[in-house]
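Below, each chain spelled out in residue letters.
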Amino acid sequence: RTAQRLRSAAASSGGSGCSCASGWSDEAVLRLLLAVHANAHPVLDDATASRTVGLGLFPAACLLNHSCAPTGVLSFEAGGKVLVVRALVDLRRGQEVTYSYLDEPHLFAPWRQR
């Protein structure tokens with residue numbers, strides 16, 4: 001239904017619909033949207049790193065795993081065009097670099113509230 005709604009919204013906006021998805025099944029469009037939703041990283045402003053200014057898809061970052069005790073943190077440079085992973089701890093050779101999928105208020109909340 002989500003894919004159908006998106007196609008309907010695109011068609012009613014005066015355009016001929018989403019030409020990039022013509023020929024795609026509703027399931028394929030929905031899978032793509034869910035993949036973007038699951039893998040997009042909020043890009044934070046350069047000045048304070050506290051305000052979301054957009055979403056970015058960084059393929060290498062999608063390979064990082066989550067940890068509630070992360071060994072790394074994501075930051076952005078070049079106006080959000082470059083994602084940098086910075087170590088939070090001294091890492092041994094071969095040690096996995098992880099980061100938290102949760103934002104700080106949720107990461108520091110009691111386990112049951114996460």
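For the structure, check the block above.
Residues numbered from 1 in each chain as written. Predicted model: local features only at pLDDT ≥ 70, side-chain atom pairs only at ≥ 80, totals over all residues. Heavy atoms only, no water.

Draft legend 1. Spotlight on the packing of aromatic side chains. Applying the stated rule across the entire model yields two aromatic pairs. Taking the centre distance of 5.8 Å and the plane angle of 50° together, the rings of Phe-58 and Phe-76 count as tilted. Here Phe-76 lies in strand 4 (residues 72-77) and Phe-58 lies in the loop between strand 2 (52-56) and strand 3 (65-66), a separation of 18 residues in the sequence. In this structure Phe-58 comes out as buried when scored by relative accessible area, which is 15%. Seen from their ring centres, Tyr-99 and Tyr-101 are 5.4 Å apart, and the 65° between their planes marks the pair as edge-to-face. Judged by relative accessible area, which is 9%, Tyr-99 ranks as buried. Assessed through its relative accessible area of 52%, Tyr-101 is described here as exposed. (Phe/Tyr/Trp six-rings, centres within 6.5 Å; stacked < 30°, edge-to-face > 60°. Helix = DSSP H or I, 4+ residues; strand = E, 2+ residues; numbered from the N terminus. Buried < 20%, exposed > 50% of the residue type's maximum accessible area, 1.4 Å probe, protein only.)

Draft legend 2. Main features of the nonpolar core. Among the nonpolar cores identified, the biggest contains eight residues, and these are Val-43, Phe-58, Ala-61, Leu-64, Leu-74, Phe-76, Leu-83 and Tyr-99. With near-sequence residues (within four places) excluded, Leu-74 lies in contact with His-41, Leu-64, Leu-83, Val-84, Val-85 and Tyr-99. (Core = buried A, V, L, I, M, F, W, Y, C linked by side-chain atoms within 4.5 Å. Contact = heavy atoms within 4.5 Å.)

Draft legend 3. Expanded view of the side chain of Ser-100. Summarising the element assignment, Ser-100 is placed in the loop between strand 6 (98-99) and helix 3 (104-107). Residue Ser-100 is classed as buried on the basis of its relative accessible area of 13%. In this structure Ser-100 touches His-66, Ser-67, Pro-70 and Leu-107, once residues within four positions along its chain are discounted.

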